[in-house]
Amino acid sequence: MTNAPANQPIFRFAPSPNGALHLGHARSAILNNQAARVAGGRLLLRMEDIDRTRCSPELEQAILDDLVWLGIDFEEGIRRQSDHFASYKERLEQLSNLGLVYPSFTTRGELRRLVADVEAAGGDWPRDPDGTPHPPLSEKTRTTAERHKLIETGHPYAWRLDMKAALQRLGWKEVSWRESATPLEKPQTARFDARLWGDVVLARKDIPTSYHLAVVLDDAQQGVSHIIRGRDLYPATAIHRVLQALLALPEPIYHHHALVLDEDGRKLSKSIGSAALSAQRLGGYEPQETIALALGAKEAVKPVTLPKTYG
Ligand code: GLU
């Protein structure tokens with residue numbers, strides 16, 4: 001845990017250096033920066049670089065150049081998730097000892113084919129709120145001996161959270177968290193049906209964590225009190241709350257901001273080659289122009305002001 005004074009709010013910006021930042025990332029970084037300044041808080045920078053095949057030092061450097069150009073005033077001492085694999089593994093084992101995770105051997109390709117067959121025959125395959133298909137139920141009913149054999153014979157696998165068992169253990173029917181309508185505003189209770197999520201992946205054979213596990217552990221480890229991030233992660237907050245409760249971690253306050261949309265109304269993403277901030281930085285834009293675009297594009301987001309009470 002950090003040594004910050006107990007009441008000092010702690011914010012973070014947590015990009016994945018597996019591609020270039022775009023205006024949507026800029027919106028998150030700017031809102032966090034503003035909120036930290038207005039609230040007299042700290043702003044931490046964390047590189048979510050667990051995917052060692054797609055992340056690179058060059059991409060990380062480009063992110064740092066973008067953030068400095070935008071005037072984002074983050075503290076020195078960047079945390080890199082790739083430096084903490086051993087601690088994620090430990091916490092995964094804790095969940096495993098509670099009987100809440102199981103290895104699943106259906107590869108992404110196999111799952112795609114299973115889903116395509118069912119859907120081609122007019123059937124429905126259950127999916128997560130982010131569109132990822134649930135694993136086949138047969139994964140959950142394998143015997144321990146069968147699992148050991150598959151692991152020993154080198155099959156790839158993913159550790160999945162048994163969501164039903166986790167909710168049962170917590171005695172939760174739905175998941176709730178504190179959500180502010182604007183950064184720093186007094187939070188309201190957000191509710192989400194966590195059963196909409198299947199048994200999400202918490203780690204893989206070769207990477208001892210996933211985004212969901214690492215993000216909650218790091219936010220707790222870094223004492224993050226306020227999480228400001230894009231609305232696309234709103235449903236995932238239900239998973240994060242489940243993990244926080246299972247692992248007895250503190251509960252931050254969330255604000256999920258509107259996404260920056262492209263001209264066709266789609267959210268910006270690395271995969272559709274959305275305009276990179278670096279193109280604006282190197283293309284002669286003034287940072288203020290990019291900041292205005294990031295805050296104003298399509299959906300207006302007001303700059304942060306300090307309400308009478310916050311979190
Ligand atoms: N690393 C995630 C991303 O770049 C953000 C995670 C978060 O803010 O919780 O999309």
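Right, let's walk through the structure included here. (Residues numbered from 1 in each chain as written. Predicted model: local features only at pLDDT ≥ 70, side-chain atom pairs only at ≥ 80, totals over all residues. Heavy atoms only, no water.)

Residues in close proximity to the ligand include R12, A14, P15, S16, E48, Y211, V215, R229 and L233, which together make up its full environment. One of the side-chain N or O atoms of S16 is found 3.0 Å from a nitrogen atom in the ligand. One of the side-chain N or O atoms of Y211 is found 2.8 Å from an oxygen atom in the ligand. Isolated, the ligand exposes 300 Å² of accessible area, and the fraction of that covered by the protein chains is 79%. (Near = heavy atom within 4 Å. Polar contact = N/O pair within 3.5 Å; in protein donor to acceptor, adjacent residues only side chain to side chain. Areas by Shrake-Rupley, 256 points an atom, 1.4 Å probe, with all protein chains shown as cover.)

Taken in spatial order, the 3 strands line up as β4-β5-β8 in an open sheet, and their pairing is antiparallel. Looking at which strands have only one partner, the edges of the open sheet turn out to be β4 (101-104) and β8 (201-204). The sheet shows a mean angle of 30° between the axes of neighbouring strands, direction not considered. As paired elements, strand β5 (residues 158-161) and β8 share 3 bridges and run antiparallel to each other. By the bridge assignment, R160 is partnered in β8 with V201. (Pairing = 2+ DSSP bridges. Helix = DSSP H or I, 4+ residues; strand = E, 2+ residues; numbered from the N terminus. Axes fitted to C-alpha atoms, helices over the stretch in contact; angles between N-to-C directions.)

Moving on to the packing of helix α7 (residues 211-221) against helix α8 (residues 236-246). Contact geometry for α7 and α8: axes closest at 9 Å, N-to-C directions at 60°. One way to sum up the angle between α7 and α8 is to call them oblique. Viewed along their axes, α7 and α8 form a crossing whose handedness is right-handed. Between α7 and α8, the contacting residues are Y211, H212, L213, V215 and V216 on the first element and A236, I239, H240, L243 and Q244 on the second. The residue inventory of the contact of α7 with α8, partitioned by class, reads 7 nonpolar, 3 polar and no charged. (Parallel < 35°, antiparallel > 145°, perpendicular 65-115°, else oblique. Left-handed = near helix turned anticlockwise from the far one by under 90°. Contact = heavy atoms within 4.5 Å. Nonpolar A, V, L, I, M, F, W, Y, C, P; charged D, E, K, R; others polar.)

Soluble globular proteins: nonpolar side chains tend toward being buried together. Core analysis: the biggest nonpolar cluster contains 40 residues, and L95, L161, M163, W197, L202 and V242 have the highest contact counts within it. Listing elements by their share of this core, those giving two or more residues are α3 (85-97), α6 (163-170), β6 (175-179), β7 (188-192), β8, α7 and α8. Not counting the four nearest positions on each side in its chain, V242 is found in contact with L161, M163, A166, L167, L170, W172 and V175. Within the second largest apolar cluster, 29 residues are counted, among which are L21, I63, L64 and F74. (Core = buried A, V, L, I, M, F, W, Y, C linked by side-chain atoms within 4.5 Å. Buried < 20%, exposed > 50% of the residue type's maximum accessible area, 1.4 Å probe, protein only.)

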